[in-house]
Amino acid sequence: MTAVPTYLRNGRSGDVIVFLHGIGGNAEYWQPQLSFFGKHFQAVAWNMPGYGGSPPLSEMNFPDLAASLASLLDTFSAEKIHLVGHSMGGMVAQEFLLQQAKRVSSLTLYASSSAFGKADGEWQQNFIRQRLKPLDEGGGMEAVASRMVDSLFGENPAPHLVEKATESITQCPPEVYRAALKCLLGFDRREALSLIQTPTLLICGDQDSLAPPKMMQKMAAKIVDSHFKCLTGAGHLASLEQTEKFNELLFEFIKRHADNPITDRTL
């Protein structure tokens, strides 16, 4: 039986929204969304296996990550949920949708991709090498954070956001960070995009070099019922850089597809 991941939760009524973080994140990353959406929904942010006290997988791969997510959803009394995935979390969301589409009322892919590419591809191998270089050179996750954090934001990020992202990255165990990066190799669900029948929102920042707007627009064009939104002045962490706008976009989207109608908006 798959172990249930740890999670944070806010709100006890309404539809269930599940937030999935990326490689350098954890459940704490979603605190601005938990606070906002918990007023009208059951807002849940998981810690991916190996993160934040969640039991690690013996081998990290997307089918097992999706199974781990299913074990978490089984703990809630909801037949369907709204799934929001950031970066690698968006890949987990796509994998889960392929397995259990009937359990998903809406899908939000945020700063994510439908493919990382060939496991033996030159670009892919170079990306992994660069991300692992601080560890391979004998440094810790602090060295990883100092090397990568600037690439996660748009221009002139607020110092407290840089500090928050740095803290999140350094909390990730080195062996889990390695496993997550290697898990990306070979991920490719591009052909599955046209099969998605679930209402889908795609969000990115206009300054995101990891999940650039053009790439996400191409993804949106392949999904039948999709909407694409780009936030100005934001990078890969748009939900932190443009929290109010991000929350508003996501709220309006989920409200349209909620099983429990929202009649009194006090957000």
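Our subject is the structure listed above.
Quick caveat: nothing in here was measured; it's all calculated off a predicted structure.

Draft legend 1. Examining the packing of helix 4 (residues 122-136) against helix 7 (residues 174-184) more closely. Two elements in contact, helix 4 and helix 7, have axes separated by 10 Å at closest approach and are oriented at 170°. Relative to helix 7, helix 4 is oriented roughly antiparallel. Here F127, I128, R131, L132, L135 and D136 of helix 4 lie close against helix 7, whose contacting residues are P174, Y177, R178, L181 and K182. In terms of residue class, the contact of helix 4 with helix 7 is built from 7 nonpolar, no polar and 4 charged.

Draft legend 2. The arrangement of helix 3 (residues 88-100) in detail. Compared with an ideal rise of 1.5 Å per residue, which puts 13 residues at 18 Å, helix 3 spans 18 Å between its outermost C-alpha atoms and is within 8% of the ideal. Summarising burial for helix 3: 10 of the 13 residues are buried, a large majority. Listed as buried for helix 3 are M88, G89, G90, M91, V92, A93, Q94, E95, F96 and L97.

Draft legend 3. The arrangement of the nonpolar core in detail. Counting residues in hydrophobic clusters, the biggest one holds 88 residues, and the most contacted among them are F19, L83, M88 and Y177. Per-element tally for this core: the top contributor is helix 2 (residues 62-73), with 7 residues. If sequence neighbours within four positions are ignored, M88 has contacts with H21, G22, I23, M48, M60, F62, L65, A180, C183 and L184.

Draft legend 4. Quick look at unusual backbone geometry. Phi angles above zero are rare outside glycine, and S87 is one such case at about 55°. Residue position: S87 is located in the loop between strand 4 (81-86) and helix 3. Its identity is not glycine, yet N156 carries a phi of approximately 50°, on the positive side. Using a relative accessible area of 76% as the deciding quantity, one classes N156 as exposed.

The rules behind the values
Residues numbered from 1 in each chain as written. Predicted model: local features only at pLDDT ≥ 70, side-chain atom pairs only at ≥ 80, totals over all residues. Heavy atoms only, no water. Axes fitted to C-alpha atoms, helices over the stretch in contact; angles between N-to-C directions. Helix = DSSP H or I, 4+ residues; strand = E, 2+ residues; numbered from the N terminus. Parallel < 35°, antiparallel > 145°, perpendicular 65-115°, else oblique. Contact = heavy atoms within 4.5 Å. Nonpolar A, V, L, I, M, F, W, Y, C, P; charged D, E, K, R; others polar. Expected span 1.5 Å × (residues − 1). Buried < 20%, exposed > 50% of the residue type's maximum accessible area, 1.4 Å probe, protein only. Core = buried A, V, L, I, M, F, W, Y, C linked by side-chain atoms within 4.5 Å.

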